[in-house]
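Reading the structure
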Amino acid sequence: MENSKDLPCYVAFNSQHCTGCGDCAKVCPTKAIRIKGGKSLLLVDNCIGCGLCINVCPQGCITPTTIPAQSSKHTPFPIIFVAPVLYSQFRDATPGEVLKGLKAMGFKHTVDMSYFFTMFKRATEQHLINLGPPPEGRPVISTMCPVVLRLIAFRFPSLIDLLHPVLRPVSVMVKDVAAFIANHHKIDLRAISIFYLNPCPTKMNPKGLSLPHGSPYITRAIGINQIYAELNKQIKALQNSPLDKTLEPVFEFEEPPTGKSLLWGISGGETAESTIKNKLCISGMNETLEYLEKIELGLFKEYDFIEFRTCREGCVGGSLCAVDKYVAKNNLQQHVDRPKSKERHRDNLLKDLYAEERFFDTLTSAKMEKLFGQRKEPLSIEDLTRVNQILKQLPGYNCSGCGAPDCQTFAEDVIRERASISECSPLKTGDDHTKGE
Amino acid sequence: MGSLVKIFPIKHRDFIHAGKPSIEIKNILKTLNTPREIIRRVAVCGYEGEMNVVMHARNGQIRLELSNTMIIIKITDKGPGIPDIDQAMEKGFSTALDEFREMGFGAGMGLPNMKKNADRFEIRSTPEKGTTVRMEFATGER
Ligand SMILES: Nc1ncnc2c1ncn2[C@@H]1O[C@H](COP(=O)(O)OP(=O)(O)O)[C@@H](O)[C@H]1O
Ligand code: SF4
Ligand SMILES: [Mg+2]
C-alpha cells in the first residue's frame, strides 16, 4: 500500500478512498500517475500542477496542496496577491468590494495582479515590434499560464525558444511589492508573508518558477474555493455597514481593475486590450496539446502571438475556482460594462521601464530547459527497440489494466524497470483476441 | 551500435491524419533526448514532406531511420512525379489547388524549407512513377 500523501508537490493523493479506477492516470498530460497495488501513485517529478486529476477523480481523493486560509491569521503581516479571475466569482460585488472583503479578513494589503499584467502586456507588444514582421521568431508563446510553461519544457522543448523571453510578472511583482510595502511601513522584509489567491494548484510548489530565488518571505497559496465562503460573508457585511476607511486602497496596485483589465481570467483576456491583433487564443488541455504539436511541426508562423490557457475558457475554468466557468464569464462581462473609473497606468512609464530592461531578468532558453526540462531518464536506441518488441507482445487495448495510462507508457515502464510485463492483466488472463501486425 | 527503423503510411487527401506520423517521430526523438534544435528541424521537414504527399501525390509513406549518429527521413510516394524539380524547389512556386490554399497550404515554401533545415537533402522524381525525398540530420554521438 503506497501512500503518497505528504509529497512536496502540487497535488496530494489520499489512498484511503482510492478505488484504483485509473481515471487520473488517463487524464494526466505528462503521464505522471500509475496505479500500483490498486491505488494511484504520483511520479512527483513529472507533475506540472495542471489540476486535471483533481477534477476527474470520482472519489475526491486528490486535493491541491494549498494551505487553509486561517493560517494567514497566524502571521504578523500577511499580504495577498489576487489573481484577477477572483472578481469573476462574484455577481453582486464589485472588484473594489471584493478587495475590501479580503482586507476585512485580515490581509494588510491586497495586490491586484492585473496591475502588473498590464505592464507585462506592454512588454509583449514591444517584444513583437523588436522582432520585426512574422515569421521571425513566431509565433511568440505567452508565458502567463505556468502550466503551459512547464508543459512546453517537459513535452515540447523545441518550443522553448518561442516563449516570450520576459520574466513572468509574478516574479517582478513579488520582489517589488514586498520591498515597497516593507519600506512604506518601515518594517523588516522578513516580517511580510505573501499569500497567493489562486484558481489552480500550479503555484503551490515553492520550488516553482514564480518565486525569486533566495526569497526571505514565506509564500503560500490559497485556493479561491478555500476562502470563498468567508470572503462572501465579509463582503456582505461591508456592503451593509457604513464605510470603513481602513479598507480603502492605499497604493495604486491595490486599486481594483476596470474595463478590459478585468478580462485576464478568461481566454483572450491577455490580449483583449492590446495592439496585438494577429493572435490565437487557445484554452483547454487537449486543445493546448494539439496546437503545441502543430506549432512544433512549423505551423502558425504567420501569427504574432499565441495565448494558451490549459484550463477551459481560461482561469475561470481552474480547478480551484468556486463558481461555474460560464457563470463566471458572464459575471466578468457585467463588471466590464460598468462605467470606468480612472486608468491606472501611464503608457510612457511602462515604455521607460521596458527600455531599462526592467522586465528582462534571466529567463533564458537554457535556464528554462534546466528548470523544467526533461526529467525522465532518456532511453537509448536499443531501449527503444526493446520497447517496440514489448509493444508487439501487448494487446494494445490502452485499457490501463497494468496501471499505466496506455500500452506505450507501460512498455517504457518495463524497460525502465518500473513495471513487469506480467502486470498487463489482459495478457495474464488470456483475454487477448487481437494481435497480428 | 543501435539502429531503429519505423515506417508510417501517408494517405492522399487525408488532412485529418496528416502530421500524425511526424508527431510520432518527434516523440521518439524526445524519448531519446535529442537536442531540441534538431527535433525542430526534423519535425518541420517531416511535416512538409507529408503534406506534399497528401496534397500533390497519391498514397505514400514516411520512413524514419535512426542510428547513433544520424536521423534519416525518407518520404516516398506513388504520385504523378515532379516535371521540373528546379522549378519546384523555387521559393513560392506551388501548383496547390485553390481549395488547399483556402485551407492555408500552398505557400510554395515546403521544399525550400526542407532543403534549408536538413543537413543533407536529396529529391528524385520520375513522371507517373512517384517522388522520393531523402533527408539526413547529423546528431553526433549519442
Ligand atoms: N510529392 C510530390 N509529388 C508531386 N509534386 C510535388 C510533390 N512535392 C512537391 N511537388 C510540387 O512542387 C511544388 C512545390 O512544393 P512545395 O515547395 O512543398 O510547395 P507547396 O506544397 O506549398 O505547393 C508543389 O506545388 C508541387 O507542384
Ligand atoms: S493492454 Fe495491457 S499494457 Fe495495454 S493498457 Fe491494457 S493492461 Fe496495460
Ligand atoms: Mg509543400
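In this text, all values refer to a predicted model and were calculated from it rather than measured experimentally.

The partner chain B presents 24 residues to the 24 residues of chain A that form the contact. Interface area for chain A against chain B, summed over the two sides, is near 2000 Å², with a carbon-plus-sulfur share of 60%. The largest per-residue losses of area from chain A upon contact with chain B belong to Leu297(A), Ile381(A) and Leu384(A), which jointly make up 34% of the total buried on that side. Taken together, the connections running from chain A to chain B amount to four salt bridges. With a shortest N-O distance of 2.5 Å, Glu293(A) and Lys26(B) are connected by a salt bridge.

Here the focus is the pattern of salt bridges. For the structure on display, the rule yields 28 salt bridges over all chains. In this structure, Glu313(A) and Lys329(A) form a salt bridge, with 2.7 Å as the shortest nitrogen-oxygen distance. Remark: Lys329(A) occurs in helix H9 (residues 325-337) and Glu313(A) occurs in the loop between strand S11 (305-309) and H9; sequence separation between them is 16 residues. If you follow the salt bridges from partner to partner, you end up with Arg155(A), Glu293(A), Glu296(A), Lys26(B) and Lys30(B) in one network.

Bringing the site of ligand 1 into the picture now. Residue and element names in this part refer to chain B. Neighbouring residues of ligand 1: 20 residues in total, closest His 56, Ser 94, Thr 95, Gly 108 and Leu 111. Interatomic distance of 2.6 Å between a side-chain N/O atom of Ser 94 and an oxygen atom of ligand 1. Taking Gly 108, its main chain carries an N or O atom lying 2.8 Å from an oxygen atom of ligand 1. Look at ligand 1: alone it shows 540 Å² of surface, and the protein chains cover 94% of it. Of the residues assigned to the shell around ligand 1, the class counts are ten nonpolar, nine polar and one charged.

Further remarks concern the site of ligand 2. Residues and elements named next belong to chain A. The immediate surroundings of ligand 2 are formed by 13 residues, with Cys 399, Ser 400, Cys 402, Cys 407 and Cys 424 found nearest. Going through the elements one at a time, helix H13 (407-415) and helix H14 (425-429) are the ones with two or more residues in the shell around ligand 2. The residue inventory of the shell around ligand 2, partitioned by class, reads nine nonpolar, four polar and no charged.

Bringing the domain arrangement of chain A into the picture now. All names here are of chain A. Segmenting chain A into domains produces domain 1 (1-64), domain 2 (69-372) and domain 3 (377-437). Residue-level contacts link 13 residues of domain 1 with 13 residues of domain 2. In this assembly, domain 1 packs against domain 2 so that about 1300 Å² is buried in total across both faces, 69% of it on carbon and sulfur atoms. Ranking the residues of domain 1 by area buried against domain 2 places Tyr 10, Pro 29 and Ile 48 at the top, with a combined share of 44%. Connecting domain 1 to domain 2 are zero salt bridges. One can count three residue pairs in polar contact (both at pLDDT 80 or more) joining domain 1 with domain 2. Per-element tally for the side of domain 1 that touches domain 2: the top contributor is helix H2 (residues 52-56), with three residues.

About the thresholds
Here the residue index of a chain counts from 1 through its sequence in written order. Chains carry letters and ligands carry numbers; both start at the beginning, A for chains and 1 for ligands, and go up in the order they are written. Selection of residues for local features in this predicted model requires a pLDDT of at least 70, selection of side-chain atom pairs for listing and counting requires 80 or more, and totals for whole chains, interfaces and linings are taken over all residues. The side-chain quantities take in all heavy atoms of the structure and omit both hydrogens and water. Residue contacts are defined here by distance: any two heavy atoms, one from each residue, within 4.5 Å place the two residues in contact. Buried area is a sum: the accessible area each of two parts loses on coming together, probed at 1.4 Å, counted once for each and added. The salt bridge criterion pairs a side-chain nitrogen of Lys or Arg with a carboxyl oxygen of Asp or Glu, the two atoms within 4 Å. In this description a helix means any DSSP run of H or I spanning at least four residues, a strand means any run of E spanning at least two, and both kinds are numbered starting from the N terminus. Being near a molecule or strand, for a residue, comes down to having at least one heavy atom within 4 Å of it. Within 3.5 Å is the distance limit for a polar contact, defined as a pair of N or O atoms, with the added protein rule that one can donate a hydrogen and the other accept it, and that residues adjacent in sequence qualify only through two side-chain atoms. In these tables, accessible area is a Shrake-Rupley quantity obtained with a 1.4 Å probe, and a residue counts as shielded only by the protein chains included in the view. All residues other than Ala, Val, Leu, Ile, Met, Phe, Trp, Tyr, Cys, Pro, Asp, Glu, Lys and Arg, Gly among them, are scored as polar; the first ten of these are nonpolar and the last four charged. Bear in mind that the domain bounds are from an automatic or database domain assignment.

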